[in-house]
Amino acid sequence: MNDLSTPEPVLEIAVGTVILIIVIFVHGAGIRAINLRFNRAWVHVDSGTSHWRINLLLAATIASLSALHFTETLIWAAPIYARGFIPSMRDSYYFVLESYTTLGQGNITLPERWRLLGPIIAISGLFTFGWTSSVLVSIMTEFGKLDRARIKGPKERASDQADPDA
């Protein structure tokens, strides 16, 4: 057990867990920053804001979330490549993307002694994609509220404000 290329399962799980925790931390910090940026922009949106500006905000938010996931998969791919488990960075990144998204094509594999990392990568992807989905639901809820306000029009909004029981 003096060579890290042939670890015991406990070491394999420990290494995977450490990287998993780093990825989850990065995801949390990234989600918080993206959500804060969205909220800062959203406070300036009202029923008169043009559709293209609102759609641009949504596109920028989705692009930021995608970049966050690509960064997280790079966090997994770099040590796999650096340790020589997969000989090229491109193949290492491809393997991680397959595992992270649970695509699981399996045409690139880790050495048998490190194969437990694949499912741990998948766990991180499931967790982070679930978290990202919840943020998107929250954002789309704001879009729905805006759409309802636009549909009501200025007359109905004024009457709703005058009669709080409406």
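Here is what the cut-offs are and how they apply
- Residues numbered from 1 in each chain as written.
- Predicted model: local features only at pLDDT ≥ 70, side-chain atom pairs only at ≥ 80, totals over all residues.
- Heavy atoms only, no water.
- Helix = DSSP H or I, 4+ residues; strand = E, 2+ residues; numbered from the N terminus.
- Areas by Shrake-Rupley, 256 points an atom, 1.4 Å probe, with all protein chains shown as cover.
- Buried < 20%, exposed > 50% of the residue type's maximum accessible area, 1.4 Å probe, protein only.
- Core = buried A, V, L, I, M, F, W, Y, C linked by side-chain atoms within 4.5 Å.
- Salt bridge = Lys/Arg side-chain N within 4 Å of Asp/Glu carboxyl O.
- Phe/Tyr/Trp six-rings, centres within 6.5 Å; stacked < 30°, edge-to-face > 60°.
- pLDDT = per-residue confidence, 0-100.
- Expected span 1.5 Å × (residues − 1).
- Axes fitted to C-alpha atoms, helices over the stretch in contact; angles between N-to-C directions.
- Parallel < 35°, antiparallel > 145°, perpendicular 65-115°, else oblique.
- Left-handed = near helix turned anticlockwise from the far one by under 90°.

Caption draft 1: Region of interest: the overall build of the protein. Helices and strands together make up the secondary structure of the protein, namely four helices and zero strands. Put simply, the protein runs from its N terminus to its C terminus through helices and strands in the order α-α-α-α. Carbon and sulfur atoms provide 63% of the accessible area of the protein, an area that totals close to 10,200 Å².

Caption draft 2: Geometry of unusual backbone geometry. Its identity is not glycine, yet Thr102 carries a phi of approximately 60°, on the positive side. Here Thr102 lies in the loop between helix H3 (89–100) and helix H4 (117–162). We classify Thr102 as partly exposed; its relative accessible area is 44%.

Caption draft 3: Here's a closer look at the nonpolar core. Residues Trp76, Ile80, Ile86, Phe95, Val96, Leu110 and Ile121 are the most contacted members of the largest nonpolar core, which totals 18 residues. Ile31, Trp42, Val135 and Ile139 belong to the second-largest nonpolar core, a separate cluster that totals 14 residues.

Caption draft 4: Structural view of the pattern of salt bridges. Counting across every chain of the model gives one salt bridge. Here Lys145 ties to Glu142 by a salt bridge, and the two come within 3.6 Å at their closest N and O atoms. Note that Lys145 and Glu142 are positioned in helix H4 at a spacing of three residues, about one turn of the helix.

Caption draft 5: Here's a closer look at the packing of aromatic side chains. In this structure the tally under the stated criterion is five aromatic pairs. Here a set of aromatic residues connected by ring pairs shows up, and it is made of Phe38, Trp42 and Phe143.

Caption draft 6: Region of the structure containing the environment of Thr101. Position of Thr101 relative to the elements: it lies in the loop between H3 and H4. With 20 residues separating them in the primary sequence, Thr101 and Ile121 have C-alpha atoms 8.9 Å apart.

Caption draft 7: Seen up close, the confidence of the model for the protein. Mean pLDDT over the protein: 89, with 88% of residues reaching 70 or higher. The least confident element of the protein, judged by mean pLDDT, is H4 at 87; the most confident is helix H2 (residues 51–82) at 97.

Caption draft 8: Local environment of the side chain of Ser99. With respect to the helices and strands, Ser99 occurs in helix H3. The exposure class of Ser99 is buried, given its relative accessible area of 11%.

Caption draft 9: Molecular detail of H3. With 12 residues, H3 ought to run about 16 Å at 1.5 Å a step, and its terminal C-alpha atoms sit 16 Å apart, in line with that. Among all positions of H3, only Ser92, Tyr93, Phe95, Val96, Glu98, Ser99 and Tyr100 are buried. Just beyond H3, the residue with positive phi is Thr102, at close to 60°.

Caption draft 10: Broad picture of the packing of helix H1 (residues 9–42) against H2. The geometry of H1 relative to H2 is characterised by a closest axis approach of 10 Å and an angle of 165° between their N-to-C directions. Between H1 and H2, the crossing angle belongs to the class labelled roughly antiparallel. The two elements H1 and H2 cross, and the hand of that crossing is right-handed.

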